[in-house]
Amino acid sequence: MLSDRSRPVIEATLPVVADNIEEIATRFYVHLFGEHPELLDGTFNRGNQAEKTQQLALAGSVAVFASSLVKVPEQLPEHLLSRIAHKHASLGITPAQYDVVHDNLFWAIVDVLGDAVTPEVAAAWDEVYWLMAYALINQERGLYSARGVRPETVWREWEVAEKIRETEDVVTFRMRRVDDRLVKTSLPGQYVTVQVPMPDGVRQPRQYSLTRADDGEHRQFSVKRVQGGGKPDGEVSNLLVDGVDVGDRLTMSLPFGDVVLDDSGRPVVFASAGIGVTPMAGMISHLATAGSHLPITFLHADSDEASFALRNQVLEDLRALPGATAHVWYEDGAQSSLPLEVHAGMMNLDDVKLPDDALYYLCGPVPFMRAVRSALIERDVPARDIQYEVFGPDLWQGDLVSEPTPGAESSGPPEA
Ligand SMILES: Cc1cc2nc3c(=O)[nH]c(=O)nc-3n(C[C@H](O)[C@H](O)[C@H](O)COP(=O)(O)OP(=O)(O)OC[C@H]3O[C@@H](n4cnc5c(N)ncnc54)[C@H](O)[C@@H]3O)c2cc1C
Ligand code: HEM
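Everything numeric here is computed off the predicted structure, so don't read it as measured data. Per chain, residues are indexed from 1 in the order of the written sequence. Each chain gets a letter, beginning with A, and each ligand a number, beginning with 1, in the order they are written. Two thresholds apply to this predicted model, a pLDDT of at least 70 for residue-level local features and 80 or more for giving and counting side-chain atom pairs, whereas whole-chain, interface and lining totals are computed over all residues. To get the side-chain values, all heavy atoms of the structure are used, and hydrogens and water are removed first.

### Describing the domain arrangement of the protein chain
All domain edges in this entry derive from an automatic or database-based domain assignment. Taken as a whole, the protein chain is organised into domain 1 (7–147), domain 2 (154–253) and domain 3 (268–381). One C-alpha centre belongs to domain 2, the other to domain 3, and the line joining them spans 24 Å. Taking both partners together, domain 2 and domain 3 bury about 1,200 Å²; carbon and sulfur atoms supply 63% of that area. Once two parts are brought into contact, the accessible area they lose, counted with a 1.4 Å probe and summed over both, makes up the buried area. Interface area lost by domain 2 to domain 3 is led by Pro188, Thr211 and Ala213, which between them contribute 34%. Any Lys or Arg side-chain nitrogen found within 4 Å of a carboxyl oxygen on Asp or Glu counts as a salt bridge. For the pair domain 2 and domain 3, the interface holds zero salt bridges. Side-chain atoms alone can form a polar contact between residues adjacent in sequence; in general such a contact is a pair of N or O atoms within 3.5 Å, and within protein one must be able to donate a hydrogen while the other accepts it. Taken together, the connections running from domain 2 to domain 3 amount to four residue pairs in polar contact (both at pLDDT 80 or more). Numbering of helices and strands starts at the N terminus; helices are DSSP runs of H or I of at least 4 residues and strands are runs of E of at least 2. Put simply, the parts of the chain that give the side of domain 2 that touches domain 3 at least two residues each are β2 (170–177) and β5 (218–224).

Structure below.
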């Protein structure tokens with residue numbers, strides 16, 4: 001909790017820091033990578049840096065954390081912290097690195113705000129930083145120790161056992177272990193970070209959701225090729241889809257991620273669009289493996305059937321689940337050869353009967369998730385029963401925290 005001494009200082013300086021936080025975050029990263037270029041090799045995602053999404057996510061998280069310390073001091077923003085801690089753990093972030101980030105962040109704060117950073121202001125923001133840092137360090141320590149690893153040992157080599165072409169743009173990699181160490185279990189919905197050596201010699205980390213339940217030998221994930229459309233094509237996804245084949249090895253982290261299937265026995269509704277189907281496929285695979293009898297509703301939107309990745313696996317798993325129903329929406333029309341309830345156009349929840357007291361999992365582009373979440377809130381689904389996964393730094397978080405009314409539109413982040 002923030003000290004009585006710092007609270008009024010933070011309250012008074014929050015507006016000026018919030019107004020400048022994006023510039024602070026931008027200068028922070030430039031300075032950080034200048035001082036520690038090794039962080040660009042295997043730790044930070046340079047695509048997110050180029051797109052500025054990581055700068056915005058860092059800035060947003062600090063602003064949300066500081067204002068929540070002032071407005072609701074008795075409650076930390078748990079969801080925000082948990083998402084960051086899982087992402088950090090999947091990258092093997094260490095407690096010692098928090099000193100490095102601290103020093104570079106405070107350099108950037110002074111660089112941007114200049115003389116406004118009096119010793120009193122610096123001390124108050126220092127307190128905010130360490131409150132946030134220790135909340136994260138403690139969660140990350142818990143995540144590492146629950147897995148029996150240290151930050152340095154989250155990584156392991158795997159071999160591509162199968163490469164399955166799902167659609168024109170999506171490939172599934174079925175990875176097999178290459179050593180005799182036990183394969184640690186994943187929770188349904190979690191992702192791994194894959195660390196890929198790039199042609200310029202730098203390793204690039206990217207997260208991929210696991211698309212199948214554990215079997216003690218394999219991990220499976222599916223990658224959609226990112227096409228730039230005027231901007232550069234996605235470097236890791238294209239390299240994986242085109243350049244990695246059966247027999248090749250990849251470095252993967254242990255599975256992490258806090259959007260995981262709740263096992264409280266309540267009905268479950270999955271709503272996905274496009275490649276957002278991947279965590280749903282993983283969760284449905286876990287349910288099928290467990291022989292679940294829960295009422296399960298699978299809702300999926302895609303441009304057409306040929307683009308619907310993992311459709312055969314998902315449908316096979318749904319057939320094995322006695323309580324499952326499925327609806328799909330194809331933008332290009334309702335043509336389908338699958339035994340499914342198929343609708344033309346965008347996903348429309350008015351077409352669907354939703355189970356009472358269900359838990360909801362959303363994944364897809366942010367505008368899609370925003371629309372589905374708003375429609376659910378309109379139908380009186382409690383916000384706490386809706387979880388979502390963003391395929392990039394979470395820029396939606398800030399919106400959700402400040403969303404004044406159900407369904408309110410705010411200036412939106414780019415597509416995930
Ligand atoms: C929790 C999580 C789970 C995920 N699960 C999956 C999954 O299951 N399947 C999946 O396919 N993906 C998943 N992703 C997304 C994945 O991690 C990658 O972000 C994705 O594969 C794109 O990576 P890339 O290296 O190909 O693209 P990048 O090279 O990182 O490019 C990303 C974007 O930045 C733009 N860009 C790059 N460089 C520049 C530049 N210099 N200037 C301007 N713009 C630029 C590109 O045009 C592109 O739009 C997940 C992400 C997260 C966070
Ligand atoms: C209080 C300190 C910190 C805060 C507030 C913070 C905040 C964040 C946030 C908000 C994200 C994005 C999470 C998401 O939505 O995916 C993130 C990701 C990340 N953080 Fe931190 N972080 C802190 C400390 C650190 C430290 C010490 C390191 C170590 C160098 C670090 C390295 C990273 C990396 C590598 C990512 C992923 C970046 C990407 O994928 O583009 N962070 N952090």
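### A word on the coordination of the iron atom of ligand 2
Donation to the iron atom of ligand 2 from the protein comes from one atom only, His88 (NE2), at 2.1 Å. By secondary structure assignment, the location of His88 is in helix α4 (residues 78–89). Only N, O and S atoms count as donors, using a 2.8 Å limit from the metal and a wider 3.2 Å limit for Na, K and Ca, and since water is excluded some coordination spheres may look unfilled.

### Side note on the pairing of strand β6 (residues 249–253)
Only protein chains enter the calculation, and the probe is 1.4 Å; a residue is then buried if its accessible area is under 20% of its type maximum, exposed if over 50%, and partly exposed in between. Across the five residues of β6, four count as buried, placing the element largely inside the fold. By definition, two strands form a pair when at least two bridges between them are found by DSSP. Of the strand pairs in this sheet, strand β1 (residues 155–165) and β6 are connected by five bridges, and their pairing is antiparallel. Looking across to β6, one finds that Glu159 is bridged to Arg249. Two strands pair when backbone bridges link them, and strand β3 (residues 191–197) and β6 are joined in this way by two bridges, in the antiparallel orientation. Opposite Val194, over in β6, you have Met252 as the bridge partner.

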